[in-house]
Amino acid sequence: MDKLQGIDSHIVIIGCGMSGIGAALKLTKEGFKNIKIIEATGRSGGRIKTTTFGNVIVEIGANWIHGPSKANPVFQLACEHGLLDSQAMSEENQALDVEGHPSFQSFYSSSGNKLTPELTKSVSQLFLTLLGKSKEFILTEKEPYPSVGEFLKKEIAKHAVEWKDDAETKKLKLALLTMMLKLECCFSGTHSMDLVGLGAFGGYKTLPGLDCTFPGGYEGLIDAMMKGLPESIVSYNNPVKCVHWNWSFRGANSPEQTFPVMVECENGETVPANHVIVTVPLGYLKEHYETLINPSLPLSKVHSIQRMGFGTNNKIFLEFEEPFWEPDCEVINLIWEDETPLADVKPDVNQFWMKKIFGFTVLHPPERYGHVLCGWIAGHESEYMETLSDTEVKNSMTEVIRKFTGNPSITPKRILQSKWHSDPYTKGSYSYVAVGCSGSDIENIVQPLPLQETDTKPLQVLFAGEATHQSFYSTTHGALLSGWREADRLITHYTQSPLISQNFSSKL
Ligand SMILES: Cc1cc2nc3c(=O)[nH]c(=O)nc-3n(C[C@H](O)[C@H](O)[C@H](O)COP(=O)(O)OP(=O)(O)OC[C@H]3O[C@@H](n4cnc5c(N)ncnc54)[C@H](O)[C@@H]3O)c2cc1C
Ligand SMILES: *[C@@H]1O[C@H](CO)[C@@H](O)[C@H](O)[C@H]1NC(C)=O
C-alpha cells in the first residue's frame, strides 16, 4: 500500500546536474511516475560542461574522474556506457594511488630559468609530507591552528631555519612552496588555504586509481544518463524562484488532492509537489537561501550554509602553433622568484592577478588535442579575471609565458577562459570545509525539512548536490552519491512501515 502511494507521489528536483539526474534515475528505476526536473539553464550537466576549442574538445567544468576505481560510481557508470579508454579501465590504473599529483612536471621561474630536479624533488616531498600531516587532525580532533594555510606556513618556517642552502636556493625553495600553495587553492577551490579549516581537512577522502578523463568529453556521461529518463522530464530555461513548504496546496489538475510543497518559478509557473529535492550549488544557495525557501530555513541550516566554503577555480585554455614544452611534460609550473609563503603581503589583485596561476596542465595526447595548455587560477584573482576580455587575458598570458621561457616570440593562437563565479546559477566552482566548519555543518545542510520527524508530512524539502557529501564534496562522484542518497531516503520512506521509517530517519 505504501509503495503504491510512493510511486504516485509528486517529486520535483531542482537542478539538472549530476546530483539531480542521479536522483531522478534512481527514483524512475524504482517506479516513481511523477518526477519533474526544473533547470534554470537551457542544458543538463551543470558543472559538467564540455565544449569545443578550435578543433578540440575541452572541459569548462569537471575534467577528471578522481579516483577511478570500483568504489567510484562515476567510474562505474562511465565504464558501463563505454566512455573510457582501455588504459583508464585497466586494473593497474585502478590500483594506482597517487592522490591526484601528476608526475612529469617542468618548473619555470620568473627569471626565465628552469629549476633543477634536485631542488624541486626535495621541496615537493616536503610539501606533500606537510600536506599529509595537515590531514591527520581529523583523527585527533585537535587543531593547533584554525586553518590549513596557517599550519603549513608555520611548518614551512620551522623547516626553513634548518636549511643549509645558500640564500639564492633558499629563496627559490620558498618561491616553489608558494606555487604549491596556489595549486592547493585550485584543488580546494578557495582564495587562500588560510580559509580552509584544519580540523576538517582530512574529512575529504580520496579513492584509489590514477585520475582519468573522458576522451569524448565528460558531458557524454550526462547524455548517456539522460537517455535513461523520459525526455519530457526536464523543464529547461526555468529558474525556480521559491519553494513554498509546510502548507496545503491544491493541484491544478486534481483539486481534490493537496500537496505540502509548491515550487514557484520565475516565469510564474507553479508546480505542487509532495517532495522537492534541491540540488542548486552551495554558491547559489548562499546568495538566495532567504528567498528560495519559504518559510525560511531554520537557523541551524542557515548558519552552516553561511559557514561552509564555496570558492572559485577557473581554467584558461591556450592553443599554440608549436609546443614550447618537452613532449612528456604533463604540468608546467610557474615560480615567481620574489614570492614566499612566510611574508604577510596583501596581493594587488587587479594588477597582479596572473601571479595567482600556479601553472598549466598539458592536454594529452597531442594527436588528440594539438598543442593546448590549461592554466589554473583560484580565488579573488580568478574572479577578477572573469571581468577581463579574452584579449586582455591573452595579452597577460603571452607576457607571462615569454617572461618564464625567456622566448620573446611565443604567442598563443587562441584562448578560452571559464567564468564560474559570474555564472548566476553556480556563483563559483565547488565547496570546501572552511575555517570554523566541521562535518556537522554538512550534516545540517543535508537535514530534510521539516526538521521534526513527527511531522505528519515528512520529507517535504530534501537537499543534495556536491556540497552535501561528507567525504567526496567538490567532486562528480560526491554529487552523484548525494543524489542517490536523497532518492533512497524517499524510497525507504515509502517502502518501510511508518514506524520503521521513523526509527530509521532518527538514526540518520
Ligand atoms: C572548474 C571546475 C573543475 C572541476 N573539476 C572536477 C574534476 O576534475 N573532477 C570532479 O569530480 N569534479 C570536478 N568539479 C566539480 C564537479 O563539476 C561538481 O562537483 C559536480 O558537477 C556538481 O554537481 P551538482 O549536481 O552538485 O551541481 P551542478 O552540476 O552545479 O547542478 C546544479 C544545477 O542547478 C541549476 N540551478 C541553480 N539554481 C537554480 C534555480 N534557481 N532553478 C533551477 N535550477 C537551478 C544549475 O543551473 C545546475 O544545472 C569541477 C568543477 C569546476 C567548476
Ligand atoms: C508550519 O505550519 C504550522 C501550522 O500552521 C506552524 O505551527 C509551524 O510554525 C510552521 N513551521 C514553520 C517552519 O514555519
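Everything that follows concerns the structure shown earlier in this document.
Residues numbered from 1 in each chain as written. Chains lettered and ligands numbered in written order. Predicted model: local features only at pLDDT ≥ 70, side-chain atom pairs only at ≥ 80, totals over all residues. Heavy atoms only, no water.

A. How the structure looks around the sheet that holds strand β12 (residues 275-278). The strand order across the open sheet formed by five strands is β6-β2-β1-β12-β21, and the pairing between neighbours is parallel. Either end of the sheet is taken by a strand with one partner, and the two such strands are β6 (234-235) and β21 (461-463). Pairing geometry for strand β2 (residues 34-38) and β6, over two bridges, is parallel. Paired with I37 across the strands is V234, a residue of β6. Packed on one face of the sheet, helix α2 (residues 18-29) meets β1 (10-14), β2 and β12 and runs near 170° to β2. (Pairing = 2+ DSSP bridges. Helix = DSSP H or I, 4+ residues; strand = E, 2+ residues; numbered from the N terminus. Contact = heavy atoms within 4.5 Å. Axes fitted to C-alpha atoms, helices over the stretch in contact; angles between N-to-C directions.)

B. Quick peek at the packing of helix α12 (residues 282-292) against helix α13 (residues 299-307). Viewed as axis vectors pointing N to C, α12 and α13 meet at an angle of 125°, and their least axial separation amounts to 9 Å. When the interaxial angle is binned, α12 and α13 end up oblique. Crossing hand, α12 versus α13: left-handed. Across from L282, L285, K286 and Y289 in α12, the residues of α13 making contact are V302, I305, Q306 and R307. Of the residues that constitute the contact of α12 with α13, the class distribution is five nonpolar, one polar and two charged. (Parallel < 35°, antiparallel > 145°, perpendicular 65-115°, else oblique. Left-handed = near helix turned anticlockwise from the far one by under 90°. Nonpolar A, V, L, I, M, F, W, Y, C, P; charged D, E, K, R; others polar.)

C. Spatial organisation of the site of ligand 1. Among the 38 residues in the neighbourhood of ligand 1, the closest are listed as S19, E39, R47, W64 and E466. Separating an oxygen atom of ligand 1 from a side-chain N or O atom of E39 is a distance of 2.7 Å. At 2.8 Å from a nitrogen atom of ligand 1 is found a main-chain nitrogen or oxygen belonging to W64. Its free accessible area being 1,000 Å², ligand 1 has 98% of it covered by the protein chains. In terms of residue class, the shell around ligand 1 is built from 18 nonpolar, 16 polar and four charged. (Near = heavy atom within 4 Å. Polar contact = N/O pair within 3.5 Å; in protein donor to acceptor, adjacent residues only side chain to side chain. Areas by Shrake-Rupley, 256 points an atom, 1.4 Å probe, with all protein chains shown as cover.)

D. The arrangement of the pairing of strand β7 (residues 240-244) in detail. Of all the five residues making up β7, four are buried; the element is thus mostly covered by neighbouring parts of the structure. Relative to strand β10 (residues 261-265), β7 runs antiparallel, the two sharing four bridges. Residue pairing across strands places H244 opposite M262, the latter belonging to β10. In the sheet, β7 pairs with strand β13 (residues 293-294) via two bridges, with the strands oriented parallel. In the sheet register, H244 faces β13, and the bridge partner there is N294. (Buried < 20%, exposed > 50% of the residue type's maximum accessible area, 1.4 Å probe, protein only.)

E. Inspection of the pairing of strand β15 (residues 313-319) at higher detail. Most of β15 is tucked away: seven of the seven residues are buried. In β15, alternate side chains face the same way, and those of N313, K315, F317 and E319 on one face and N314, I316 and L318 on the other are all buried. Across seven bridges, the pairing between β15 and strand β18 (residues 372-378) is antiparallel. The residue of β18 that forms the bridge with F317 is C374. When β15 meets strand β19 (residues 414-417), the two strands line up antiparallel, connected through four bridges. For F317, the partnering residue across the bridge sits in β19 and is L416.

F. Just the pattern of salt bridges, in detail. Going through the model one piece at a time under the given rule, you end up with 22 salt bridges. Across the salt bridge formed by E219 and R43, the nearest N and O atoms sit 3.1 Å from each other. Of this pair, E219 sits in helix α11 (residues 219-226) while R43 sits in the loop between β2 and β3 (50-53), and the two are 176 residues apart along the sequence. Judged by relative accessible area, which is 23%, R43 ranks as partly exposed. (Salt bridge = Lys/Arg side-chain N within 4 Å of Asp/Glu carboxyl O.)

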